[in-house]
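Secondary and tertiary structure notes
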Amino acid sequence: MRIPVFEMERMQSTWENLVDYDMSESGVRPITLRGLVEMGLDLDAALDMPLGYSQSNGTLALRERLVALYPGSTVDHVEVTNGTSEANYLVALSLLQPGDEMAMELPNYMQLWGVPESLQAKVRTFRLRPDRQWEPDWDEFEQAVTPRTRLLYLSNPNNPSGAVLSDDAMRRIVARCEATGTIVLADEVYLGAELDGGRTRSFWGMSDRVVVTSGLSKAYGIPGVRIGWIVGPKPLIGTCWSQHDYLTIGPNKLSDMVARVAVAPDNRETLYARTRAILGENLPTIERWAAGFGRLIEFNRPRAGAMTLVRYRSEVPSLDLCERIRVEQSTLVVPGRHVGLEGYLRIWYGGRQEYITEGLRRIGAVLSTLG
Ligand SMILES: Cc1ncc(COP(=O)(O)O)c(C=O)c1O
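Residues numbered from 1 in each chain as written. Predicted model: local features only at pLDDT ≥ 70, side-chain atom pairs only at ≥ 80, totals over all residues. Heavy atoms only, no water.

1. Topic: the layout of surface pockets
Approximately 730 Å³ is the volume found for the largest pocket. Along its surface, the largest pocket is lined by 34 residues, and Glu9, Ser85, Tyr109, Lys218 and Arg226 are the ones closest to its centre. Every element with two or more residues in the lining of the largest pocket is listed here: α1 (7–15), α5 (83–95), α6 (111–118) and β14 (344–348). For the lining of the largest pocket, a count of residues per class yields 14 nonpolar, 12 polar and eight charged. Inspection of the lining of the largest pocket shows a minimum of three residues originating in each of domain 1 (7–32 + 268–367) and domain 2 (51–264). In this structure, the second largest pocket occupies an estimated 420 Å³ of space. Forming the boundary of the second largest pocket are 25 residues, of which Gln133, Ala163, Val164, Leu165 and Arg303 lie nearest the centre. Counting residues per element, the lining of the second largest pocket draws most heavily on helix α8 (residues 167–180), which supplies three residues. (1 Å grid on protein atoms, 1.4 Å probe; cavity = no way out; pocket = protein on both sides within 12 Å on 5 of 7 lines; lining within 4 Å. Points joined across faces, edges and corners; volume = space filled by probe spheres on them. Helix = DSSP H or I, 4+ residues; strand = E, 2+ residues; numbered from the N terminus. Nonpolar A, V, L, I, M, F, W, Y, C, P; charged D, E, K, R; others polar. Domains from an automatic or database assignment.)

What follows is the structure, encoded as structure tokens:
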């Protein structure tokens, strides 16, 4: 199996722990185990828990809590995974055959760009339009999603734009997929990380062609325990479980325990509120920073998530610009090229104020030489 390099993840894993300022992140600063103990995690019980294998598709107790988030689902509609990335991977492995077509929006988290290629499936893309508040380009969408399209991958809220699809756009996407016989894979890992404007609507329940993936990494602020999940039609979940048996068997037992605490209804709301508070506190900092560059950069206010897509007005390729920022300022930023949109930078704002302020100052030191 030939698999292309996942450019953004590789850049991050190479540099994120070596630079002074990592502004390439996409979630809020993570909560600690102590924070979760304050929310009811029983550390003492964890000390006495035999570290055996856990239930490989997620403990019943965790799946029961997840079912409550997805009306109409049962524990057999849910597979617990090692992060949202494994969830996405399992869905692609279960559905795509050589010669199949898959569609995805751009810009996007590019995991399901490389995976289909490794499965010898062909990827077709359509753009989200920055000039139309990131609404899909409907002509391109209809050319990309056809009766040959097995799977459509969306991230909603979207990584990297932080945009959220309107109800009308969601209905239009689902209607098209019903007509073409396409499965919609909605990656909702940023659902709950809205700055304002209410909770993002889930695709779950809009059609029996919908599969949702999500996890603890972004809106919950707990990426380190590596818990994600798939919610979908029972036969597909059955196939994903079989793939899972071969891949990692199942999630880590301690992580399943942490997840049971995190997704309990009160705790989930507490964690979402923590995320929203961090984002709300930091947004003015990055807005002020962006305003200082006048016409050189265009700031796109995100609706959700801990990153912004900033357009810069220069011919310099985003890879070169980010390389300069890394080398000259020891600061890591995601080039637009790595998320499918040239001429942009993806900049994180989910950390501590003083960290974000200094990281932005360093990025600005290079950007200001472009003017
Ligand atoms: C849209 C999206 N899906 C999945 C992932 C991976 O999530 P996880 O850490 O839960 O594997 C990311 C990480 O940035 C993401 O942005």
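2. Quick word on the domain arrangement of the protein chain
When its domains are assigned, the protein chain resolves into domain 1 (7–32 + 268–367) and domain 2 (51–264). With centres defined by C-alpha atoms, the gap from domain 1 to domain 2 works out at 24 Å. Counting residues at the interface gives 32 residues for domain 1, matched by 33 residues for domain 2. Counting the surface lost from both domain 1 and domain 2, the interface buries some 2,800 Å², and carbon and sulfur atoms represent 55% of this. Taken as a group, Arg268, Tyr272 and Arg303 account for 26% of the area that domain 1 buries against domain 2, more than any other trio of residues on that side. At the junction of domain 1 and domain 2, the tally comes to two salt bridges. Put simply, Arg199 and Glu269 hold a salt bridge, and the shortest N to O gap is 2.9 Å. (Contact = heavy atoms within 4.5 Å. Buried area = accessible area lost by both parts, 1.4 Å probe. Salt bridge = Lys/Arg side-chain N within 4 Å of Asp/Glu carboxyl O.)

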